[in-house]
Amino acid sequence: MQVFDTVRFAQKACPNLSVVALMRKLGCVVDAVSAGEIVRALKAGFVGGCDKKQKAPQIVYTADILDRDALELVKKYDIPVNVGSPDMIQQLADAGVKTELTLRVNPGFGHGHSRKTNTGGDLSKHGVWHEQIKDCVKLAQANGMWISGLHMHIGSGTDFEHLAQVCDAMVDASRRLGGHLRTISAGGGLPIPYHEEDKGSRIDVKAYYDLWDNARKRIQQSVGHDVNLEVEPGRYLVAESGLLVAEIRAVKKQGDNLFYLLDAGFTDLVRPSFYGSYHAISVIARDGRELNETVDVVVGGPLCESGDVFTQEEGGFVVTRKLPKAKVGDLLVLHDAGAYGAAMSSNYNSRRYAAEVMYTGGKLEVVRERQTFEQMLQNDRVIDF
C-alpha cells in the first residue's frame, strides 16, 4: 500500500518527552504549536532548519499568531513556519527572519465531531481565509520569502464526504499559489473508535490516502513537478495507547441516581466536560472479587464544579453508564485517554498533575513524576502587605 511521504506527529495530543522521542525513533517528524512545544521537540532530539536532502523539515511551527517567545525560537533555530494569519508574515520579516513558509488555509467551511473541534469556516479563528492567499504570496515575496506549502485542516472526526470537499479546496488553493508549491499537508483529525460498538469499524486509511493522493496528482499536473504529501495525526497515533486509572473514593445515592466519585477529575481528563466526549469505562476490584452485578451509575470527579462528570454528553447533559457494582477502594479505568488527556490537564483546585507511566520493553517506566505540592507552588510569591 502506498503511504504518505511524511508523517508529522501533532504533539499537542500527547507532548510527553518520551512519547515525542519515540515518534522520532519511529520516523515521524513533528509539529509545534507553541514555543513550549518547540522546546519539547528540541529536547526530544528533533532539530530545526531546512535540510534540502529531506522531503520535510523535522520541526514546523503551526499557529495563528507568533508570540514573542515563539518568534525568538523560530529565528534562533531556523524553524519553518506554517502561517495562520497574514500578520505573521510581516512579523517574521520585521524580525529579520527569512524562513521557509507554508500557508494554513481556511477554505471557508469546516467539520468536526463537536462545534469546538470545527476548525474551518467564517466562525473559526484558524487559518488564512482562502480569498487572501494571493495577498499572502505578495506579502511574502515583498519580504524575500516564498510560500512553498499548503496546509488544510478543517476539524476532527473526518468523513469522506467532507474530506473530498477539502481535497477539492486544496486543489483550488494550489492554483492561487503557483509553481513554488512543493508540499501539501492533509492536516490531522483522523478519528479513532471511542465507543465499544465501533471498535470493529475504523477509518479506511487507504481510502483516506487515495483521496489525498488524487488531489496531489491533480496539483502536480498543474505545477509541473512532484509535490510532497504530508499527514499530521495526533490522536490517531496515541489515543488508544493511554488509560486514566483512578480510585473510587465515594459511592453514594443522590435521589434515584448512584454516583461513583473518583480521585481524578477534569483536571486529568477534560474531554467529557469540554466536548461531551465518550470514553469506555472499566472497573477493577482491588480485592480480586468477581464483578458480576451491574448498576446504572454516574461517574464524577472531586472538583467543585457540577461539570466535573465523566459520563455526560455534549451540552453538559449528565447520563448514567451501566458498570459493575463497585465499592470504595476499587479502581476505575477510563479508556482511550492517550490523546488530549495529560496534555490538557491543569492545576485547577490546586490539584497536582498526575504521574505518567509508559509500558515498554515488558515493564512499566515512569515518564513523568507526579507533581509535588512544592513544584506546584514554586513560582508563586507572597508579597509583603
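Residues numbered from 1 in each chain as written. Predicted model: local features only at pLDDT ≥ 70, side-chain atom pairs only at ≥ 80, totals over all residues. Heavy atoms only, no water.

Novice: Honestly, the nonpolar core in this entry has me stumped. Any pointers?
Specialist: Nonpolar side chains tend toward joint burial in soluble globular proteins. Grouped together as the largest cluster of nonpolar side chains are 71 residues, with contacts concentrated most on Tyr61, Val74, Leu92, Leu101, Leu103, Tyr208 and Trp212. In this structure Trp212 touches Phe4, Leu163, Val166, Cys167, Met170, Ile184, Ser185, Ala186 and Leu229, once residues within four positions along its chain are discounted. Listed in part, the 19 residues of the second largest apolar core include Leu244, Val297, Phe310 and Leu323. (Core = buried A, V, L, I, M, F, W, Y, C linked by side-chain atoms within 4.5 Å. Buried < 20%, exposed > 50% of the residue type's maximum accessible area, 1.4 Å probe, protein only. Contact = heavy atoms within 4.5 Å.)

Novice: When you look at the packing of helix H4 (residues 86-94) against helix H5 (residues 133-142) in this model, what are you seeing that I'm missing?
Specialist: Each pair of packed helices gets described by two things: the angle between the helix axes and the distance between those axes. Relative orientation of the contacting elements H4 and H5 amounts to 0 degrees, with a least axis distance of 10 Å. Put simply, H4 runs roughly parallel to H5. From H4, Pro86, Ile89 and Gln90 reach across to H5, where they touch Cys136, Leu139 and Ala140. Broken down by class, the residue content of the contact of H4 with H5 amounts to 5 nonpolar, 1 polar and no charged. (Axes fitted to C-alpha atoms, helices over the stretch in contact; angles between N-to-C directions. Helix = DSSP H or I, 4+ residues; strand = E, 2+ residues; numbered from the N terminus. Parallel < 35°, antiparallel > 145°, perpendicular 65-115°, else oblique. Nonpolar A, V, L, I, M, F, W, Y, C, P; charged D, E, K, R; others polar.)

Novice: Would you mind going over a nonpolar patch on the surface with me for this structure?
Specialist: Among the surface-exposed residues, Val357, Tyr359, Leu364 and Val366 lie close enough to one another that they form a single nonpolar patch of about 450 Å² accessible area. When residues of the nonpolar patch are traced back to their parent elements, those giving at least two are strand S18 (356-360) and strand S19 (363-368). Position of Tyr359 among the secondary structure elements: in strand S18. You can call Tyr359 exposed: its relative accessible area is 59%. (Patch = residues over 30% accessible without salt bridge, like charges linked within 9 Å, V, L, I, M, F, W, Y side chains within 5 Å. Areas by Shrake-Rupley, 256 points an atom, 1.4 Å probe, with all protein chains shown as cover. Salt bridge = Lys/Arg side-chain N within 4 Å of Asp/Glu carboxyl O.)

Novice: Help me understand unusual backbone geometry in this model?
Specialist: Glycine aside, a negative phi is what most residues show, and trans is what most peptide bonds show. Despite not being glycine, Asp336 shows a phi value in the positive range, around 55 degrees. As for its position among the elements, Asp336 is in the loop between strand S17 (331-334) and S18. The phi angle at Ser350 is positive, at roughly 55 degrees, despite the residue not being glycine. Assignment of secondary structure puts Ser350 in the loop between S17 and S18. Classification of Ser350 by relative accessible area gives partly exposed; the value is 49%.

Novice: Sorry if this is basic, but what is going on with the sheet that holds S17 here?
Specialist: Adjacent strands of a sheet form backbone hydrogen bonds with each other and so pair up, either parallel or antiparallel. Reading across from one edge, S12-S17-S10-S11-S13-S16 is the order of the 6 strands in this open sheet, with mixed pairing throughout. Among the strands making up the open sheet, the edge pair consists of strand S12 (281-284) and strand S16 (321-324). If you compare each strand with its neighbour and ignore which way they point, the axes differ by 50 degrees on average. Where strand S11 (residues 257-262) and strand S13 (residues 294-300) come together, 4 bridges link them in parallel fashion. Bridging from a neighbouring strand, Leu258 pairs with Val297 of S13. (Pairing = 2+ DSSP bridges.)

Novice: Even after reading the chapter, I still don't get the packing of aromatic side chains, so can you show me in this structure?
Specialist: Each pair of aromatic rings is reported with the distance of its centres and the angle of its planes. By the definition in use, this model includes 4 aromatic pairs. Ring centres 5.2 Å apart and planes at 85 degrees place the aromatic pair Phe4 and Tyr209 in the edge-to-face group. Here Phe4, found in the segment before strand S1 (6-10), pairs with Tyr209, found in helix H7 (residues 205-223); they are 205 residues apart in sequence, far enough to count as distant. Residue classification places Tyr209 among the buried residues on the basis of a relative accessible area of 4%. Measuring from centroid to centroid gives 4.8 Å for Phe274 and Tyr275, while their planes differ by 40 degrees, and the two rings are tilted. (Phe/Tyr/Trp six-rings, centres within 6.5 Å; stacked < 30°, edge-to-face > 60°.)

Novice: What is the right way to read the pattern of salt bridges from this model?
Specialist: Side chains that differ in sign of charge can pair as their charged atoms come close. Considering all chains together, one arrives at 18 salt bridges under this definition. The shortest N-O distance in the salt bridge between Asp336 and Lys199 comes to 3.0 Å. Here Asp336, found in the loop between S17 and S18, pairs with Lys199, found in the loop between strand S8 (183-185) and H7; they are 137 residues apart in sequence, far enough to count as distant. The partner of Arg216 in a salt bridge is Asp213, with the nearest N and O atoms 2.9 Å apart. Here Arg216 pairs with Asp213, and both are found in helix H7, just 3 residues apart, close to one helical turn. Here Arg216 and Asp213 have matching classes, each one buried.

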